[in-house]
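Results of the structural survey
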Amino acid sequence: MEQDRLSAEASDDDSVLLRVENLRKEYRSGLQPLVLFDGLNLTVRRGEMIAIVGESGAGKSTLLHLLAALDRPSAGDVYCAATWLGKLTAGQAATFRNREIGYVWQLHYLLPEFTALENVAMPLLAREEPKPSAFAKAKELLCEVGLEARVDHLAGELSGGEQQRVSLARALVTQPRLLLADEPTGNLDNRTAEAVFGLLERLHTTHRLTSILVTHNMEIAKRCGRTLRLHEGRLHEVWLHASGSEEASEEGRVASSDTPGHPIVRTAVPGANRTGTA
C-alpha cells in the first residue's frame, strides 16, 4: 500500500518524532469553504520544545487537535514516529492519545467532584490499570509538581496555578512522548505563569519529552528551542530578540524543501544565533 510505504519512509529518520505533510484543513462557511491552512508542513525532532504563535483565529488550536488525532485534516498526512494518524479508527486514535500524547489545555478541565489524585489517575484508570498502581503513579507526579500537600483536595479547592499543575501531572502520568500545550499559562497572572512554565521546562527535560506549545506570551516563546508563527495558513520560523520582539529580514528568508507543498519560511533576526531547519 502506498500509505504504508510513506509511513515507513516517515519513520526512517529516528531523530524525527512528528512529521506533517501537505496538511489542509477547511470548514464549510456559506458558499465558500473557510481554509485555515493548505499545504502546511512541519518536522519536529525528538527532544525539541517548539512554540507556535499567531493571531487568534489563525488555526493554532486546530493544528494541535490534528497533531493529537482529535480531529481529521481535509487533506494531507500526520505521522507520529511510525504511526500514520490518517489510518486510525476512532478507537485506535483514543488509544494512541492515551499512550503517546500528553495534552494541557488553557482551561484545566479537571473533574470537580474528584480529588487532585483521582484526576491525575484518570488516564491510567481509563485504560484499566489497577487502582493501586494508578494512584501510586499519580501521587508521584503530584509530588513532582509540588502538590504533595494537595493530593486529597478537590479541584475547586485549588488555586488557578495549582489546578494547572494538576493538569500537567495528568498529562504526563501516562509517560507520553509528545506533550501538546494549548495556552497553558493563558489564564494565569504573570508570576504564576512564570512558575508554571518553569515547571514545564523542567519536566520537558526530566521526562525527555518533545513539546509543542501554543502561546501568545512572547516571553515564553523565546525560551523555546524554536518559534513558529502560523500566518495565512503557513508556518514561518521566527527568531526573537531577548525582549521577545521579532523582526523580518528579507535576506534571512529561506524556504525549507524538506517536504512538498508550501514551505516553512524562516525569518532571521539580526544578531540571532539559532541554526537548523524547520
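Scroll up for the structure.
On a predicted model such as this, the values are computed, not experimentally measured, just so you know. (Residues numbered from 1 in each chain as written. Predicted model: local features only at pLDDT ≥ 70, side-chain atom pairs only at ≥ 80, totals over all residues. Heavy atoms only, no water.)

Secondary structure summary: the protein chain contains eight helices and 12 strands in total. A burial count over the protein chain gives 49% of its 278 residues as buried. For the protein chain, restricting intrachain contacts to residue pairs at least 6 apart in sequence, the fraction spanning at least 24 positions comes to 68%. Accessible area for the protein chain stands at about 13,200 Å²; split by element, carbon and sulfur atoms hold 51% of it. (Helix = DSSP H or I, 4+ residues; strand = E, 2+ residues; numbered from the N terminus. Buried < 20%, exposed > 50% of the residue type's maximum accessible area, 1.4 Å probe, protein only. Contact = heavy atoms within 4.5 Å. Areas by Shrake-Rupley, 256 points an atom, 1.4 Å probe, with all protein chains shown as cover.)

Orientation of helix α6 (residues 160-172) relative to helix α7 (residues 190-206), taken along the N-to-C sense of each, is 15°, at an axis distance of 10 Å. With respect to α7, the axis of α6 lies roughly parallel. Crossing angle aside, the handedness with which α6 passes α7 is right-handed. For the pair formed by α6 and α7, the contact residues are Gly161, Gln164, Arg165, Leu168 and Leu172 on the first element and Thr192, Val196, Leu199, Leu200 and Leu203 on the second. For the contact of α6 with α7, the class distribution of residues is six nonpolar, three polar and one charged. (Axes fitted to C-alpha atoms, helices over the stretch in contact; angles between N-to-C directions. Parallel < 35°, antiparallel > 145°, perpendicular 65-115°, else oblique. Left-handed = near helix turned anticlockwise from the far one by under 90°. Nonpolar A, V, L, I, M, F, W, Y, C, P; charged D, E, K, R; others polar.)

A word on the layout of surface pockets. For the largest pocket, the calculated volume is near 320 Å³. For the largest pocket, the lining is made up of 13 residues, of which Arg97, Asn98, Ile101, Tyr103 and Pro123 are closest to its centre. Among the secondary structure elements, those contributing two or more residues to the lining of the largest pocket are α3 (90-100), β6 (101-104) and α6. Its residues assigned to classes, the lining of the largest pocket comprises eight nonpolar, three polar and two charged. (1 Å grid on protein atoms, 1.4 Å probe; cavity = no way out; pocket = protein on both sides within 12 Å on 5 of 7 lines; lining within 4 Å. Points joined across faces, edges and corners; volume = space filled by probe spheres on them.)

Glancing now at the sheet that holds strand β1 (residues 16-29). Read from one edge of the open sheet, four strands run β2-β1-β4-β5, paired in antiparallel fashion. Both outer strands of the open sheet, β2 (32-45) and β5 (83-84), are each paired with one neighbouring strand and no more. Strand direction decides the pairing type here: β1 and β2, joined by 10 bridges, are antiparallel. Considered in β2, the bridge of Leu18 is made with Val44. Sheet strands touched by helix α2 (residues 60-67): β1, β2 and β4 (75-80). Its angle to β1, the strand with the most contacts, is close to 125°. (Pairing = 2+ DSSP bridges.)

Moving on to the side chain of Asp77. Topologically, Asp77 is positioned in strand β4. For the buried residue Asp77, which engages in no salt bridge, the nearest side chain bearing the opposite charge is Arg72, 9.1 Å off. A distance of 2.9 Å separates polar atoms of two side chains, one belonging to Asp77 and the other to Trp84. (Lys, Arg positive; Asp, Glu negative; His and termini not counted. Salt bridge = Lys/Arg side-chain N within 4 Å of Asp/Glu carboxyl O. Polar contact = N/O pair within 3.5 Å; in protein donor to acceptor, adjacent residues only side chain to side chain.)

All right, on to the nonpolar core then. Judged by nonpolar contacts, the single largest core of 39 residues is most densely connected at Leu142, Val166, Leu168 and Leu179. Where this core is concerned, the elements lending two or more residues are β3 (49-53), α4 (116-126), α5 (131-144), α6, β7 (178-182), α7 and α8 (218-221). If near-sequence neighbours (up to four positions away) are discounted, Leu168 is found in contact with Val104, Leu179, Leu199, Leu200 and Leu203. Counting 34 residues, the second-largest nonpolar core is a separate cluster that includes Leu18, Val20, Ala69 and Ile101. (Core = buried A, V, L, I, M, F, W, Y, C linked by side-chain atoms within 4.5 Å.)

Relative to the helices and strands, Leu70 is located in the loop between α2 and β4. The exposure class assigned to Leu70 is partly exposed, which follows from its relative accessible area of 40%. For the pair Leu70 and Ala90, spaced 20 residues apart in sequence, the C-alpha to C-alpha distance is 9.1 Å. Contacts of Leu70, omitting those with residues within four sequence positions, involve His65, Arg97, Tyr103 and Trp105.

Attention shifts here to the packing of α4 against α6. Remark: α4 packs on α6, axes separated minimally by 7 Å, with the N-to-C direction vectors making an angle of 30°. One way to sum up the angle between α4 and α6 is to call them roughly parallel. At the point where α4 passes α6, the crossing takes the right-handed sense. Residues Ala116, Asn119, Val120 and Pro123 of α4 form the contact with α6, whose participating residues are Val166, Ala169 and Arg170. When the residues that make up the contact of α4 with α6 are grouped by side-chain class, the tally is five nonpolar, one polar and one charged.

Scanning the model with the defined rule gives 13 salt bridges in all. In this structure, Arg24 and Asp38 form a salt bridge, with 2.8 Å as the shortest nitrogen-oxygen distance. Of the two residues, Arg24 is situated in strand β1 and Asp38 in strand β2; the sequence distance between them amounts to 14 residues. The class of Asp38 is partly exposed, set by a relative accessible area of 34%. Between Lys137 and Glu129 there is a salt bridge whose closest N-O contact spans 2.8 Å.

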